[in-house]
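Given next are the chains, with one letter for each unit.
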Amino acid sequence: QVQLVESGGGLLQAGGSLRLSCAASGRSFSTYAMAWVGQAPGKEREVVAAISWRGGNTYYADAVKGRFTISRDNAKNTVYLQMNSLKPEDTALYYCAADKYGSSRYWSTSEYDYWGQGTQVTVSS
C-alpha cells in the first residue's frame, strides 16, 4: 500500500511555469512506475506524463511534449512534474498515480493502482 500527496498547484497566467510534487509513503515506491494524470473540466482523466521505476523510460502525451518534464527521486520517495510554457488548455486537476506492477502501458489510466487527491492547476489567458 502507498499513499500519495500532491502539492505545487496554483493559478497563473499563460506562459508561466509550475513544478508539481508528489510525496509517497511506503517502502515500495522505488519499484513503482509513476504518472501524472490530468482531468480537465468535463473530460476524462488522461495520462500527461509517466516514468518507469528507475526513471529510464518516460512517456508524454503529445500535447505536453517539449513543455513538461517528469522526474523522480527514489531516495526522497518523490516524483515531480516540471510544467513550462503553460497554456489555458493545461488547466486541470492533476493527480499523481502509482503502478505497482510496472506495466509498460504508461498511457493507460487503468494501469495505475494508487491515486492521490489531486492538485489544481489553473492557467489564465
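Residues numbered from 1 in each chain as written. Predicted model: local features only at pLDDT ≥ 70, side-chain atom pairs only at ≥ 80, totals over all residues. Heavy atoms only, no water.

Mind showing me how you'd approach the state of the cysteines here?
A covalent bond between the sulfur atoms of two cysteines is referred to as a disulfide. Under the defined criterion, the tally for this structure stands at 1 disulfide. Disulfide pairing places Cys22 opposite Cys96 at an S-S distance of 2.1 Å. Judged by the sign of its S-S torsion, about -80°, the cystine formed by Cys22 and Cys96 is left-handed. Here Cys22, found in strand β3 (residues 18-24), pairs with Cys96, found in strand β9 (residues 92-99); they are 74 residues apart in sequence, far enough to count as distant. Taken as a pair, Cys22 and Cys96 share a single burial class, namely buried. (Disulfide = S-S within 2.5 Å. Helix = DSSP H or I, 4+ residues; strand = E, 2+ residues; numbered from the N terminus. Buried < 20%, exposed > 50% of the residue type's maximum accessible area, 1.4 Å probe, protein only.)

Just checking my understanding: could you explain the packing of aromatic side chains for this structure?
Here a ring pair, both rings aromatic, is described through the centre-centre distance and the interplanar angle of the planes. Across all of its chains, the model carries 4 aromatic pairs by this definition. Centroid distance Tyr59 to Trp107: 6.5 Å. Interplanar angle 55°. Geometry classified as tilted. Of this pair, Tyr59 sits in strand β6 (residues 58-60) while Trp107 sits in the loop between β9 and β10 (114-115), and the two are 48 residues apart along the sequence. Relative accessible area serves as the criterion here: at 24%, Tyr59 is assigned to the partly exposed category. The partly exposed category is assigned to Trp107, whose relative accessible area is 46%. Considering the side-chain rings of Tyr95 and Trp115, the 6.1 Å spacing of their centres and the 80° angle between planes classify their relative orientation as edge-to-face. Within this pair, whereas Tyr95 is found in strand β9, its partner Trp115 is found in strand β10, the two being separated by 20 residues in sequence. Given a relative accessible area of 9%, Tyr95 falls into the buried group. For the cation-ring pair, Arg45 lies above Tyr95, with the distance from its terminal atom to the ring centre recorded as 3.9 Å. In this arrangement the basic side chain of Arg72 is found over the ring face of Phe29, its NZ or CZ atom lying 4.7 Å from the centre. (Phe/Tyr/Trp six-rings, centres within 6.5 Å; stacked < 30°, edge-to-face > 60°. Lys NZ or Arg CZ within 6 Å of the ring centre and 35° of its normal.)

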